[in-house]
Amino acid sequence: MNKKIEATIAYVREELKHAEGGHDWFHIERVHNNAINILKGEPEADAEVVRLIALLHDIADSKFHKGDETVGPRKAKEWLESLEYQPEVVAHVVKGIENISFKGGNFNQKFTSKELEIVQDADRLDAIGAIGITRVFNYGGFQNNPIHNPEQAPRFGMSKEEYKAHKGTSINHFYEKLLLLKDLMHTETGKRMAEERHRYMEGFLAQFYAEWEGSR
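In this report, the structure presented in the accompanying data block is examined. The structure presented is a predicted model; accordingly, all values stated were derived computationally and were not measured. (Residues numbered from 1 in each chain as written. Predicted model: local features only at pLDDT ≥ 70, side-chain atom pairs only at ≥ 80, totals over all residues. Heavy atoms only, no water.)

## With respect to helix α4 (residues 71-82)
Phase 1: Compared with an ideal rise of 1.5 Å per residue, which puts 12 residues at 16 Å, α4 spans 17 Å between its outermost C-alpha atoms and is within 8% of the ideal.
Phase 2: Turning to α4, its buried residues number three or more, namely Val 71, Gly 72, Pro 73, Ala 76, Trp 79 and Leu 80.
Phase 3: The elements touched by buried residues of α4 are α1 (3-15), α3 (47-56) and α5 (87-98).
Phase 4: Of the residues one or two after α4, Glu 84 is the one with positive phi, at around 65°. (Helix = DSSP H or I, 4+ residues; strand = E, 2+ residues; numbered from the N terminus. Expected span 1.5 Å × (residues − 1). Buried < 20%, exposed > 50% of the residue type's maximum accessible area, 1.4 Å probe, protein only. Contact = heavy atoms within 4.5 Å.)

## Digging into the side chain of Glu 20
Phase 1: Mapped onto the elements, Glu 20 comes out in the loop between α1 and α2 (25-39).
Phase 2: Despite its burial, Glu 20 remains without a salt bridge, the nearest opposite charge being carried by Arg 135 at 6.2 Å.
Phase 3: One polar contact links Glu 20 to His 23, side chain to side chain, over a distance of 2.4 Å.
Phase 4: For Glu 20, the side chain forms a polar contact with the side chain of Asn 138, separated by 2.6 Å. (Lys, Arg positive; Asp, Glu negative; His and termini not counted. Salt bridge = Lys/Arg side-chain N within 4 Å of Asp/Glu carboxyl O. Polar contact = N/O pair within 3.5 Å; in protein donor to acceptor, adjacent residues only side chain to side chain.)

## A closer look at the pattern of salt bridges
Phase 1: Under the criterion given, the structure shown has 9 salt bridges.
Phase 2: Of the charged contacts in the structure, one is a salt bridge between Glu 42 and Lys 114, with a shortest N-O distance of 3.4 Å. Highlighted residues: Glu 42 in the loop between α2 and α3 and Lys 114 in helix α6 (residues 114-125), separated in sequence by 72 residues.
Phase 3: Each of Arg 30, Asp 126 and Arg 135 takes part in one network of salt bridges that share partners.

## A look at the environment of Ala 130
Phase 1: Relative to the assigned elements, Ala 130 resides in helix α7 (residues 129-142).
Phase 2: Along the backbone, Ala 130 and Gln 207 are 77 residues apart, and their C-alpha atoms lie at a distance of 14 Å.

## Thoughts on the nonpolar core
Phase 1: Ranked by internal contacts, the top residues of the largest apolar core, which has 55 residues, are Val 12, Leu 56, Leu 80, Tyr 85, Val 93, Phe 174 and Leu 178.
Phase 2: Of all the elements, α3 adds the most residues to this core, at 7 residues.
Phase 3: Setting aside residues no more than four positions away along its own chain, Leu 56 makes contact with Thr 8, Tyr 11, Val 12, Ala 76, Trp 79, Leu 80, Val 93 and Ile 97. (Core = buried A, V, L, I, M, F, W, Y, C linked by side-chain atoms within 4.5 Å.)

## Observations regarding the environment of Asp 123
Phase 1: Residue placement: Asp 123 occurs in helix α6.
Phase 2: Asp 123 gets classed as buried once you look at its relative accessible area, which sits at 17%.
Phase 3: As for Asp 123 and Pro 154, which are separated by 31 residues in sequence, their C-alpha atoms are 23 Å apart.
Phase 4: Sequence-distant contacts of Asp 123, defined by excluding residues within four places in its chain, comprise His 27, Val 31, His 57 and Ile 100.
Phase 5: A distance of 3.3 Å separates a polar atom in the side chain of Asp 123 from a polar atom in the side chain of His 57.

## So, the packing of aromatic side chains
Phase 1: Under the definition given, this model contains 8 aromatic pairs.
Phase 2: Judged by centre distance (6.1 Å) and plane angle (65°), the rings of Phe 137 and Phe 204 are edge-to-face. In this pair, Phe 137 sits in helix α7 while Phe 204 sits in helix α10 (residues 188-212), placing the two residues 67 residues apart along the sequence.
Phase 3: Residue class for Phe 204 comes out partly exposed when judged on its relative accessible area of 24%. (Phe/Tyr/Trp six-rings, centres within 6.5 Å; stacked < 30°, edge-to-face > 60°.)

Note that every value here comes from positions in space, so none of it alone points to a role or purpose.
Laid out in structure tokens, this is it:
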């Protein structure tokens, strides 16, 4: 394996060893694996840039840094410069990290590239399906959010700032984000994988409501 990629893996594992369960090293590893899988159908993409964005995209998630979105890109930049990557590679990875997040779907993305699209798909795949379901409830418990409140409707059309500050129920998060991701995928591989994971979530929600109401 590329020694710089190996070093980056070791660095991220160490940095995230105490992270919340949905945003820990294993999340990074899954996104990295998804990205490698998607890369098989995207031969024109720069594989090393893809892997670096995937590995460093949550090195300091703003949710765990008082909403500060500059911490992650800064740490990634410092790390890549310490490995003596070319400035254009550093800039590409940093811009990718700055523009990867969903943020309510209303985020004005200021940069795009094939490499970023691949990692966006890889990251969004980890937010849906069986893994996505477990991550929603893990983070909801971490934040002490309600599981479900039938009297609290999902909120749509939130601004980026409203989305970041919003504390809703775990079930509403499916409607506010997870069920929207299938239609935001860029790559053919990502779209195909998202279809299956989306159907799994729909089945889960149907079972959840039936059990909640005591009808099954």
